[in-house]
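# Reading the structure
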Amino acid sequence: MNSRSYSLLVLALLGASCAAYTPTTGYKNRRQVTEPCPAVLPLSKVMMNQSNYVQYVYYATPIPDLQSFTLQYWFNLYNADRISTTFDYTVRGPTNSTIRINLQRGQPQRWFLYINEILVSNVISPLIRTGEWHFMVHSWNSWTGSWSIYMDGVLLQAGSSPEGRGLVVRGGGEAYSGQRQNTDDGMDRGEGLEGWMTLFQMSVRPLLNPASPQTLRMVSRLASSCNGQFNGDLISWSRTPRKGYGGPQETPARPVCGNF
């Protein structure tokens, strides 16, 4: 990654996004309001247990057309024996447009990345046990078809998918953590995350050179900075309004990596 690209990504992660939206009845119908959203939300963590009804977090911000992204978050499972969807974005229409990231159960566990319902990457994960906090970074670039995934500040794998080259994810959809959206209607109850999430950030820029020393240092720095100073320019944990559905619990968090 050249110095200009690195600087642009750092600026994107340090940027802020704050869309003033409020939910109305149901998860599909929302209206824009004019009241400004909070400048900075206090550091918190969200627990989803998927009991009684599907639980998830909705990020209330407009999403543009995407041909690349980098996203990061911390998570802690208390049930690792099910598919855990950490991010899902869907635009419904004649041709569904999607981004979906989930951890597949099994031996070994695997991280899947889907773009427009195409499996772009399938990466073996180090064993993720219940009760452990882990830091994830996922990046994708449509222009080259390249992708990369990091766990706890270390590169797991990077590669290129011919099927993923040239794809465009349409804007105007809805972004969630905790559940997979069924492209027909509603949520897929069987792929919900059971556990904690915090510090979710999303930037429109990709990591161009995943294995370069500069990129590895930056990811390592992100994994050791848990005070909320890094913010995505598209979705920011500290600035983007969010709404929980189905009863997830949001509680204050400590700015201590791996011990929130």
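The written sequence of each chain sets the order in which its residues are numbered from 1. In view of the model being predicted, local features appear only for residues whose pLDDT reaches at least 70, and side-chain atom pairs are presented and counted only at 80 or more, with totals across whole chains, interfaces and linings using the full set of residues. Remark: hydrogens and water are excluded; side-chain values derive from all non-hydrogen atoms of the structure.

It is worth spelling out the overall build of the protein chain at this point. Under the DSSP-based scheme used, a helix requires at least four consecutive residues in state H or I and a strand at least two consecutive residues in state E, with every element numbered from the N terminus. On a plain count of helices and strands, the protein chain comes out with two helices and 19 strands. For the protein chain, the residues scored as buried account for 55% of the 260 residues in total. Accessible surface is estimated by sampling points in the Shrake-Rupley manner with a 1.4 Å probe; for residues, cover comes only from the protein chains shown. Entry remark: accessible area of the protein chain is about 11000 Å², with carbon and sulfur atoms responsible for 50%. Here's how the labels work: a residue is buried when its accessible area is under 20% of the maximum for its type, exposed when over 50%, partly exposed in between, all with a 1.4 Å probe on protein chains only.

Moving on, we get to the pairing of strand E6 (residues 84-91). Within E6, eight of the eight residues are buried, leaving the element largely enclosed by the surrounding structure. A pair of strands is considered paired only if DSSP assigns at least 2 bridges between the two. Linking two consecutive strands that pair antiparallel, namely E6 and strand E7 (residues 97-104), is a turn of five residues. Both E6 and strand E13 (residues 174-177) contribute to a ladder of three bridges, which runs antiparallel. Bridge pairing links Asp88 to Tyr176 in E13.

Here we come to the state of the cysteines. When the sulfur atoms of two cysteines share a covalent bond, that bond is a disulfide. The criterion for a disulfide is a pair of cysteine sulfur atoms lying within 2.5 Å. Taken as a whole and judged by the stated rule, the model has one disulfide. Cys226 shares a disulfide with Cys257; S-S distance 2.0 Å. Taking the sign of the S-S torsion, 110° for the link of Cys226 and Cys257, the bridge is right-handed. Here Cys226, found in the loop between helix H2 (213-223) and strand E17 (235-236), pairs with Cys257, found in the segment after strand E19 (249-252); they are 31 residues apart in sequence, far enough to count as distant. Classification of Cys226 by relative accessible area gives buried; the value is 3%.

Spatially, E9-E8-E7-E6-E13-E4-E18 is the arrangement adopted by the seven strands of the open sheet, whose pairing is antiparallel. Of all strands in the sheet, those with a lone pairing partner are strand E9 (118-124) and strand E18 (242-245), marking the two edges. Looking at each pair of strands side by side, their axes are set apart by 15° on average, direction ignored. Inspection of the sheet shows strand E8 (residues 110-115) paired to E9 by six bridges, in the antiparallel sense. If you follow Leu113 over to E9, its bridge partner there is Ser121. Convention adopted: a line fitted to C-alpha atoms gives each axis, helices being fitted over their contacting stretch, and angles between N-to-C directions are expressed from 0 to 180 degrees.

Of the residues making up H2, those classed as buried are Thr215, Met218, Val219, Leu222 and Ala223. Projected onto a plane normal to the axis of H2, the buried residues spread over an arc of 140° and lie on a single side. When the buried face of H2 is taken as reference, the exposed residues oriented beyond 90 degrees from it are Pro213 and Arg217. What the arc covers is the set of directions going from the helix axis to the C-beta atoms.

That bond from Gln107 to Pro108 is cis: its omega, 5°, falls within 30 degrees of zero. Assignment of secondary structure puts Pro108 in the loop between E7 and E8. Positive phi outside glycine occurs at Asn116, with the angle close to 50°. With respect to the helices, strands and loops of the structure, Asn116 is situated in the loop between E8 and E9. Using a relative accessible area of 18% as the deciding quantity, one classes Asn116 as buried. The residue Leu199 is not glycine, and still its phi comes out positive at about 55°.

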